[in-house]
Amino acid sequence: MPQRHGPDEFFSFPGKKGSAVSLPPIKLFPYQNGWTFSTWIRLDPVTGANIEREKPYLYCFHTAKEVGYSAHFVGSTLVVTVMKIKGKGFQHCVNFEFQPRKWHLVTIVHTYNRWSKSFIDVYVDGQKVSNVEMSWLVNTPDPFNKCFLGSTPDHHEENAFCGQMSTIYMFNEALTPNVISAMFKLGPAYKSQFKFENECHTLVSESERRFLYDGKLTNSVVCMYNPIACDSQLCLESSPKGNMSIFVHTPHALMVNGVKAIVTYSIHSTLHSIGGIQSIFPLFGQLDMGQESSLGAADRMDPTVCSALMGLTCDLLENSLTIQQQFLQNKGFLVISYLLERTLVRSSTNKHMDSVLHVMTDDLLLAFLKLTKYLVNLPTGGVLLKHLFDHILFNPALWIYAPVEVQEQLYKYLASEFIQDANIYNNIRRVSAVLQTMHTLKYYYWVVNPKDRSGIIPKGTEGKRPSKDEIIQLRIHMLNYLKQLIFKGQGILEDELQSILNYLTTLHEDENLHDVLHLMVRLMAEHPSSMVPAFDLKHGIRTVFKLLASANEMIRVKSLKLFGYFLMRSTHKRKTDSLNQHNLFSLLAERLSLHSSSVSLTTYNVLFELLVERMANVVVTGIHPEPDSTFKLENPAILKVVATLIRQSQPSEQLLQVKKLFLSDLTILCSHNKDNRRVILQMSVWQDWLFSLVHMYPRNQEEHRITEMVMTLFRILLHHAIKLEYGGWRVWIDTLAILHSKISYEDFRRHMTKVYQHYQQQQLDASASREDQAYHPVNTVSAASHAASQPEPVQDSTVTITELPHSQSEGTTDESLTADDDVPVEVVDFVNEVIDNAVRKVEDSDTEANHMNHMNHNGQLDGVSKDETVKSKSEISDDEHDEAPPSVNHTEAQSTVHPAPVNSVPTHQGRQNVHGQASGTLGPDVQQGPGPTPQAQSGHGMGTGNKTFSSPPRAAPFRIPEFYWSHLHQKLLSDLMFVIEQDIQVWKSSCNGYAGFVANPTQTTKTIIDYVNATDNQIFVVNTIHMISQLSDMLIMACGGLLPLLAAATSANGNIEVMEPNYGLSVEQAVSFLDRIIGMADILVFASSIHFPELEQEKNMSAGGMLRQSLRLVCTTAVRNCLECRHRMASQPSSRPSSPSTPESPVMQALIGGVQPSTKNIVEHLGSQMNPIRDPEKLLQDMDINRLKACLYRDVEETKHAQFLALATVYFSSVLMVSKYRDILEPPSPAVTPIKRPVPRRSVIHSPTSQSRDNFPANTQVYNGHDEDGDEATATATATATATATPDTTATKRRVNRQML
């Protein structure tokens, strides 16, 4: 019934003889402007025996002479005829096949042009189907008195029309295609005069309404017959009042021989008479009621009732404008949705879930989708379409219990056809659609119930829900729909983004977050122009950091990707305002380490993408591609985040891989791009986190390799700072200081760990029972004495003492030593091993003490000599660290406080206190608690009786000791010097010859001086001079000092005082560094034109300080060369054939070996002279003389400083010359150098090609770093000359001096 598409009122033509509508005579046919005939027709099937003879006429307008216009059907084809003369005219067959029992709008347009061609256009259903040129003009003064509709004037039965016609219109102008198309959309039920716009408000569009109701169309109506406007057989002419009449007399027509005006009532009208469409609504509330079967008993509900009822409703909406208006006014979709929800709730409450399956069926969904397509194409269906979306299609309460196939079909449609339609997108309310979808995901389509963790009361739990996998698949379709909805417009809106952020913030179940977070990442990656500003405005970073606290790694990784895309597409100002205000980068490491004990390779990959802002579309789980030269450090703060994560992670193979990859990537980034190096150097205390990756004392090859990679990075960065950055030398100084604090703290931590273990051992030994061995909190370090003097021998311990974490290094208690009633066996075994190990150390200590006492009884002085002190300290340190790497031994006694002077190092008694108060040098901050006498502390009275322990003293706080050169300091210096020497070597190799001030200069077009004084190299030269200035005096002191060396060089028999390693450097190492420093000074100090007073002012040095440092450096090198020359001359057999063989001094070996290239240190000496000694017979080598000249003539404008340097140089050369004359006049006896202990050969300093490690003594003297006054050098030369003169040769020396002067 609702699918009736025709008009409710129409003219019915029976097709009998004489049946027609007879029109009155027309006095003048309106042909001047053309004319148009239009009506809706419906043909009945032809039932005659002879179809060829039947020609039912649509209309016929003739004069008495049969001149005029007509149109008839031949079969299913329309033929238009124009007769100009009787029996002669023009016919046109329309190329369209009319279907029987189907309503068609037929519009025939006659276009007349006086000076051009005339046409006939035929339109069917608003579309032009035929066009023909017509040259026959009907122009007659006779009236058209034979006018009929549905027949001809002769009233033959073959010419009678059989079918229905709706309202008939005739216009006095040729209508345009737009007007005809709009008339078709009005439908066959239209019966008005095109006068009032509100009569078709919901049928045509705005533009079409302008064509129909602009006033021209209604004024052009000359004839109109409406089936409603009839009185019995009389059909009233209904054209607008005031229009011109074309009839001779009255315009009304007459229906003859069975033609009737039929008026019907459709179901729409019937419903309207009983209350409208709302009378159907109560039926939707009775769907769960059982249907009566044929036996009369109530059976289960019919599954087709709901879909049939909804199909009826949709058909009514599609076929009636009145129903649409009623449905809109009564909010029909909202009512239906509410009634369906009640039905589903009652079914779920009664545990009749099968009824739900009978309600939400495929047929019901298809009915809704069919109505959707109709409303989309309906010009006025926008409001109804919104109601349908909001209350039906987007209502999860209706669909959550439906079959999964139905739900999947619905959400697939929403994600594909639905969103692709432009009309749907324009009519939909985007914000509400996004909000509804997020609400659906949150409360209905959750993967894990959010009630427990998120505190959200879920919905849709009463009945049978889809399975977890099905829910995930449905969520994919819903989010795809959401993505298409956002992408189709100009980007995301702020309220839409806020709803998504609210979802991610309020839910805490990882399974419920994965897909929504993935959608956010896609949106940020593909639509940044709208996402980034909205994300910043809505404080999306807060959501990111909330997600970073998730226990699921993929959630954290995707959150970092979202964060990375935001930073990548943000401006610098936006990044600064969003992050720097609260220093959010520092929070990254804390968040990422909440639920992970070790950083994974996947997390590192996304952090690296964040570092360089090269975000990948996929999550990389393996090793990412190697960066190239275009990669830049966009977010350098991530470097500290990665280093912090690595430092806080538990050791593992994966962590080792991540650390290697991080260092490798950082090395590549720094090697390829100087901007990356500059960015790192501009970071605050960047050395701290980079040094945190170093293993100060590597225990295996992998740790050694990691340390080498870090030191390589430092070499690259420091070389850049020295070469390209103003004030780069300060970076070098800061690096040394930070490294010193790191190593000192590590030594302190290791020392305190050993002290604590020793204290634990004594506590466990003193316990009488297992219960007494329970651990009590210890906040002090014991100064108790060692174990009994006669312990039982035990086997060597195999326990490896693990380093404590950095955060627990000070005041840390080792929980592994706790002894409770339920102590595991492994802990007891560990404690026993520690005890055995400590007892063995005590035995070794007693043995060493006896050995020292034996030495004192064999004629040694009561006081302890220097070499004895050094040996004692070395043995103590080695004994303490027999389980630690060798490099630990130099800080055990000094790591907590300032070291004691060299000559005050205690002997055996002090050695027993090493684990307690650090040989009594803890300083005034250490407060001794109440306890026994010193005899008890030194171990007396603890043999067989009960052991007595003193109250342990308070642990000294960590204080950074004075500076010393550790093995890492030496490697850092050696590597930096190596790259500087490489740069200088490049300058030399680019010249034809070395055209400096040194020997054998050659004239070339470009000399080394040109490179040194070039503008591009000024920063490099200044920074290197500053570095040389910082190192020179320290290295001179480490070599033994200028005075001791000069005294040895001018002594009669070449005696060299015992020299101790100073600043952690051995003599050989110091000499090696000194030789390399003087090689750089030859080029960068003496050959440059840098103004020294400016550099001195920058360092707050006294005037002329740098020149005096240079002179001391040159003099020290010259004295060392003199010593080597004396050694060579003394070692020649021909020089003194009668001299007995003299053992070679180890100190002399160190002085000589420091400048002699070997197979191990050949790389370190690439930039220096292979052999500084050219002629051993000379007092000073040519190189030394040239250096002295260069130093004197460096700044001749400064008269005062130049005179002082000249005077000091004269005194220095005078001392050497006097000693030389003395040796000539009085040949010296063989030198006997007191040797108290052998000095080991120089360990190889870590260069870019070396792999060994050094051991350095602990005790050092610290140089105060101030520039020495000029008078000191004068006093040095004078005192040395006086001290080396003997009474027998004084006169001779004076005579020679006078001659020389």
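A quick note: this is a predicted structure, and the numbers were derived from the prediction, not measured.

Cut-offs and rules
Residue positions are given per chain, counting from 1 as you read along its sequence in written order. The predicted origin of the model limits local features to residues at a pLDDT of at least 70 and limits the giving and counting of side-chain atom pairs to 80 or more, whereas totals for whole chains, interfaces and linings rest on all residues. For side-chain calculations, the full set of non-hydrogen atoms in the structure is used, while hydrogens and water are omitted. Only DSSP runs of H or I covering at least 4 residues are called helices, and only runs of E covering at least 2 are called strands; the numbering of each starts at the N terminus. The buried label goes to any residue with under 20% of its type's maximum accessible area, the exposed label to any with over 50%, and the partly exposed label to all in between, with areas taken from a 1.4 Å probe on protein chains only. The definition of a polar contact used here is a pair of N or O atoms within 3.5 Å, where within protein one atom must be able to donate a hydrogen and the other to accept one, and adjacent residues in sequence count solely through side-chain atom pairs. By definition, residues are in contact when any of their heavy atoms lie within 4.5 Å. Side-chain rings of Phe, Tyr and Trp (the six-membered ring for Trp) are treated as a pair once their centres are within 6.5 Å; stacked means planes under 30 degrees apart, edge-to-face means over 60, and tilted covers the remaining angles. Whether a charge sits over a ring depends on NZ of Lys or CZ of Arg being within 6 Å of the ring centre and within 35 degrees of the ring normal. Every axis in this analysis is a line fitted to C-alpha atoms, fitted for helices over the stretch in contact. Angles between the N-to-C directions lie between 0 and 180 degrees. When the near helix sits turned anticlockwise from the far one by under a right angle, the crossing is termed left-handed; a clockwise turn instead gives a right-handed crossing. Residues are grouped as follows: nonpolar covers Ala, Val, Leu, Ile, Met, Phe, Trp, Tyr, Cys and Pro; charged covers Asp, Glu, Lys and Arg; every other residue, Gly included, is treated as polar. This arc describes the spread of directions from the helix axis toward the C-beta atoms. Criterion for a salt bridge: a side-chain nitrogen of Lys or Arg within 4 Å of a carboxyl oxygen of Asp or Glu. What makes two strands pair is DSSP finding at least two bridges between them.

Asker: Explain the side chain of Ser649 here, please?
Answerer: One can find Ser649 in the loop between helix H26 (637-648) and helix H27 (653-672). Overall, Ser649 belongs to the buried group, its relative accessible area being 12%. One polar contact links the side chain of Ser649 to the main-chain amide nitrogen of Val599, over a distance of 3.1 Å. Contact partners of Ser649, with chain neighbours within four places excluded, come to Ser597, Ser598, Val599 and Leu655.

Asker: Would you explain unusual backbone geometry in this entry?
Answerer: Peptide bonds are trans in most cases, and residues, glycine excluded, mostly fall at negative phi. The backbone phi angle of Ser232 is positive, close to 60 degrees, even though this residue is not glycine. Position of Ser232 relative to the elements: it lies in the loop between strand E13 (221-231) and strand E14 (234-237). A relative accessible area of 62% places Ser232 in the exposed class. Of note in this structure, His539 is not a glycine but carries a positive phi near 55 degrees. By the element assignment, His539 lies in the loop between helix H20 (528-537) and helix H21 (540-547).

Asker: Help me out: how do you make sense of the packing of aromatic side chains in this one?
Answerer: To describe a pair of aromatic rings, you give the distance between the ring centres and the angle between the ring planes. Evaluated as defined, the whole model comprises 43 aromatic pairs. Members of the aromatic cluster, connected to one another through ring pairs, are Phe29, Trp35, Phe37, Tyr59, Phe61, Tyr69 and Phe144. Sitting over the ring of Phe631, Arg614 keeps its end group 4.3 Å from the ring centre. In this arrangement the basic side chain of Lys1099 is found over the ring face of Trp729, its NZ or CZ atom lying 5.9 Å from the centre.

Asker: What is the right way to read the packing of helix H18 (residues 494-506) against helix H19 (residues 510-526) from this model?
Answerer: Helix packing for two helices is described by the angle between their axes and how far apart those axes are. The geometry of H18 relative to H19 is characterised by a closest axis approach of 10 Å and an angle of 145 degrees between their N-to-C directions. H19 is crossed by H18, and the crossing has left-handed handedness. Here Leu497, Ile500, Leu501, Tyr503 and Leu504 of H18 lie close against H19, whose contacting residues are Asn512, Leu513, Val516, Leu517, Met520 and Leu523. For the contact of H18 with H19, the per-class residue count stands at ten nonpolar, one polar and no charged.

Asker: When you look at the environment of Pro24 in this model, what are you seeing that I'm missing?
Answerer: One can find Pro24 in the loop between strand E2 (20-22) and strand E3 (35-43). A relative accessible area of 6% places Pro24 in the buried class. On a C-alpha basis, the gap between Pro24 and Ile246 in space is 9.8 Å, while along the polypeptide they are 222 residues apart. The residues touching Pro24, leaving out its near neighbours within four places in the chain, are Cys147, Tyr225, Phe247, His249, Thr250, Pro251, His252 and Ala253.

Asker: Help me understand the environment of Asn605, please; the structure alone is not making it clear to me.
Answerer: Inspection of the secondary structure puts Asn605 in helix H25 (residues 601-612). Judged by relative accessible area, which is 1%, Asn605 ranks as buried. Once you skip the residues sitting within four places of it in the chain, Asn605 turns out to touch Val620, Thr621, Gly622, His624 and Leu661.

Asker: Please explain helix H1 (residues 177-186) as it appears in this structure.
Answerer: An α-helical turn contains 3.6 residues, so any two residues separated by three or four positions project in the same direction. Residues of H1 that are buried include every one of Val179, Ile180, Ala182, Met183 and Leu186, and no others. Each buried residue of H1 lies within a common arc of 160 degrees when the element is viewed along its axis, so the set occupies one face. Considering only its buried residues, H1 is in contact with E3, strand E8 (103-111), strand E9 (118-124), strand E12 (162-171), helix H2 (206-212) and helix H3 (216-219). Once H1 finishes, Gly187 follows within two positions and takes phi at roughly 90 degrees, a positive value.

Asker: Would you take a moment to explain the pattern of salt bridges for this structure?
Answerer: When their charged atoms lie close together, side chains carrying opposite charge are able to pair. Tallying each qualifying case throughout the model produces 35 salt bridges. Linking Lys65 and Asp142 is a salt bridge whose minimum nitrogen-to-oxygen distance equals 3.5 Å. Of this pair, Lys65 sits in the loop between strand E4 (57-62) and strand E5 (68-74) while Asp142 sits in the loop between strand E10 (127-134) and strand E11 (146-149), placing them 77 residues apart in sequence. The partner of Asp688 in a salt bridge is Lys742, with the nearest N and O atoms 3.0 Å apart. Of the two residues, Asp688 is situated in helix H29 (residues 686-691) and Lys742 in helix H31 (residues 728-766); the sequence distance between them amounts to 54 residues. Residue classification places Lys742 among the buried positions, given a relative accessible area of 17%. Among the charged side chains, a network of salt bridges with common partners joins Glu197, Glu206 and Arg209.

Asker: Got a minute to help me understand the pairing of E14 in this structure?
Answerer: Remember that side chains alternate between the two faces of the sheet whenever the strand is regular. Only one face of E14 is buried: it carries Cys235 and Glu237, and the other face, with Leu234 and Leu236, is open. Pairing analysis gives three bridges linking E13 to E14, with the strands arranged antiparallel. The residue of E14 that forms the bridge with Cys230 is Cys235. As consecutive antiparallel partners, E13 and E14 are separated by two residues, and within that stretch Ser232 has a phi angle of approximately 60 degrees, a positive value. Across two bridges, the pairing between E14 and strand E15 (residues 253-256) is antiparallel. Bridging across to E15, Cys235 finds its partner in Ala253.

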